[in-house]
Amino acid sequence: MKTTRRTLLTAGFAAPFIAREGFAQGDWPKGPVRWIVAFAAGGAADTVARNVAVRASEIIGQQVIIDNRTGGNAVVAANAVLQSPRDGQTFLIDAANQITNPLLIKDLPFDYVQTWVPVSQLSSFPQVVAVKHDFPAKTIQEYIAAAKAKPGTISYGTPPAAGMGHMAGEELQRRAQIKLIHAPYRGGADAARDIGAGAIDSVIITTSSIRPPVAAGRARVLAVTSLKRSSTYPEAPTLAESGYPGFDLNDWNGLFAATGTPPALIDRMQAVVAEAIKDPKVKERLDPSGAELIASTPAEFKTWLDGQRRLLSGLIQEAGIKLQ
């Protein structure tokens, strides 16, 4: 059924009042809610968190405060949440560290699976396999053929070591039976700068990070790592449809609560997130970032995380991935 602009506008005005009535009942929230973000301000996770938080604040009638706590491969932020009361007022926004930290870091101060309760995946950021402008391959099949013809000679950059770009690169090598040279970068902008300068053959970075060199004609997108084609580069095939069924490895972020937080409050927070993400204004603001908004339920998020743990655990062990 086609939704009219008038309907959307009416829904946009009505939603805050309907939601406030629903979430004003009971004694939650008792005051401002904190989302402690494990990443720096201005990054992908922070951008999603801030935009969703604006709408979430309207829904619950209390401010959702974004608190960036970087360091320790996201452990600093996690500890900050764990030191707070388990009263549904403080949550963690984390990403693949929830899965990879236990596999890569010794002597962690807590067990990720036992300590954290998934609330909702917020967003996913599809990644691309892109090459410098004068690289001879014009398709992902030609890229793989070139790698097979000269094993260990084609470089690919990702941000950072053991990040989701690195994981996607290792999975592509495993499934295509090729050997590439990995070059870790601090961030996607750094990798994009180098491929734009022709200093590296290829990259696996997010759709938003690759935009500048592609727009300048200095890089070409060959494929995307998501299960569905990206709205940013719809002409680029997925790896899943290019001979590697089920290939789906992207950057992502999600909301977590510390174990011991009342389940009813976790469910309420998830409902707030789902309502916020439905708002067309939130989607509009986040479109330039390449974020695909999700708002899964706690059960859906847990099932997805369990699958990712199985995949990445085997991949890290087989590829011998280590933090650098």
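Please refer to the structure higher up on the page.
Figured I'd write up the structure that's included with this text. (Residues numbered from 1 in each chain as written. Predicted model: local features only at pLDDT ≥ 70, side-chain atom pairs only at ≥ 80, totals over all residues. Heavy atoms only, no water.)

This paragraph deals with the side chain of Q98. Relative to the helices and strands, Q98 is located in helix α4 (residues 97-104). Accessibility expressed as a relative area gives 1% for Q98, which makes it buried. A polar side-chain atom of Q98 sits 3.4 Å from a polar atom in the side chain of D94. If near-sequence neighbours (up to four positions away) are discounted, Q98 is found in contact with L92, Y112, W116, F256 and R309. (Helix = DSSP H or I, 4+ residues; strand = E, 2+ residues; numbered from the N terminus. Buried < 20%, exposed > 50% of the residue type's maximum accessible area, 1.4 Å probe, protein only. Polar contact = N/O pair within 3.5 Å; in protein donor to acceptor, adjacent residues only side chain to side chain. Contact = heavy atoms within 4.5 Å.)

Moving on, we come to the packing of helix α2 (residues 44-60) against helix α10 (residues 263-278). Any two packed helices are characterised by how steeply their axes cross, that is the angle between the axes, and by the distance between the axes. Where α2 contacts α10, the axes come no closer than 8 Å and their chain directions differ by 115°. For the pair α2 and α10, the crossing hand works out as right-handed. In this structure, α2 uses V52, R55, A56, I59 and I60 to contact α10, whose residues at the interface are V272, E275, A276 and I277. A breakdown of the residues in the contact of α2 with α10 according to their chemical character gives seven nonpolar, no polar and two charged. (Axes fitted to C-alpha atoms, helices over the stretch in contact; angles between N-to-C directions. Left-handed = near helix turned anticlockwise from the far one by under 90°. Nonpolar A, V, L, I, M, F, W, Y, C, P; charged D, E, K, R; others polar.)

Turning to the environment of V33, a few remarks are in order. Looking at where V33 falls in the secondary structure, it is placed in strand β1 (residues 33-37). Residue V33 is classed as buried on the basis of its relative accessible area of 0%. Remark: the alpha-carbon pair of V33 and I66, spanning 33 residues in sequence, is separated by 8.8 Å.

So, on to unusual backbone geometry. Cis peptide bonds are those with omega within 30 degrees of zero, and the linkage from W28 to P29 qualifies with -5°. Looking along the chain, the bond that leaves P159 and enters P160 is cis, with omega of -20°. Phi at N73 takes a positive value of approximately 55°, unusual for a residue other than glycine. One can find N73 in the loop between β2 (64-68) and α3 (75-82). Although it is not a glycine, Q177 sits at a positive phi angle of roughly 60°. With respect to the helices and strands, the residue Q177 is situated in the loop between α7 (164-176) and β7 (181-184).

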